[in-house]
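These are the residues of each chain, in order.
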Amino acid sequence: MMEKVVKAIAEHLDVDISKVVPEASLIDDLGADDFDIIELAVAIQEATGKTISSEDEANVKTVGDFIKLVEA
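Keep in mind the model is a prediction, meaning the values are calculated, not measured.

> Any chance you could break down the overall build of the protein for me, citing the residues and the numbers?
Helix and strand counts for the protein come out as four helices and zero strands. The order of α-helices and β-strands along the protein, N terminus first, is α-α-α-α. Here the protein has a C-alpha radius of gyration of 10 Å; the compact-globule value for 72 residues is 11 Å, and the two agree. Seen along its three principal axes, the alpha-carbon backbone of the protein occupies a region of about 25 × 20 × 20 Å. Counting the 72 residues in the protein, one finds 36% classified as buried. Within the protein, counting contacts between residues at least 6 apart in sequence, those at least 24 apart form 52% of the total. Of the roughly 4300 Å² of accessible surface on the protein, 50% is carried by carbon and sulfur atoms. Distance between charge centres in the protein, computed from 6 positive and 17 negative side chains, equals 6 Å.

Structural data, given as C-alpha cells:
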C-alpha cells in the first residue's frame, strides 16, 4: 500500500520518487499547496481503493500521514 501512495504523490507533484519518504512534508519538502493535497487525496483513494475523509485530509501534513490513513 505504501508503494501506491508514494508513487501517486511522486507522479502528482512531479518529484523524484526518492524524495517521497514518510517524514517528508508535503508542503515544505515536496512543494505541494493546499489544492495539491486535495488532489492527492483523490489520487491516493483511486490508487488504493481506500476512502479518505475530508476531515482526515485536512490533517495531512506528511507523506507518512497519507500512508497511515490508507493502512488503517
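> So what's going on with helix α1 (residues 2–13)? Residues and values would help.
The periodicity of an α-helix, 3.6 residues per turn, causes residues three or four places apart in sequence to face the same way. Taking 1.5 Å per residue as the helical rise, α1 with its twelve residues ought to reach 16 Å, and the 17 Å between its terminal C-alpha atoms agrees with that figure. What α1 keeps buried is the set Val5, Val6, Ala8, Ile9, Ala10 and Leu13. Taken together, the buried residues of α1 touch α2 (34–48) and α4 (63–71). Once α1 finishes, Asp14 follows within two positions and takes phi at roughly 55°, a positive value.

The rules behind these values
Residues numbered from 1 in each chain as written. Predicted model: local features only at pLDDT ≥ 70, side-chain atom pairs only at ≥ 80, totals over all residues. Heavy atoms only, no water. Helix = DSSP H or I, 4+ residues; strand = E, 2+ residues; numbered from the N terminus. Rg over C-alpha atoms; globule rule 2.2 N^0.38 Å. Buried < 20%, exposed > 50% of the residue type's maximum accessible area, 1.4 Å probe, protein only. Contact = heavy atoms within 4.5 Å. Areas by Shrake-Rupley, 256 points an atom, 1.4 Å probe, with all protein chains shown as cover. Lys, Arg positive; Asp, Glu negative; His and termini not counted. Charge placed at Lys NZ, Arg CZ, Asp CG, Glu CD. Expected span 1.5 Å × (residues − 1).

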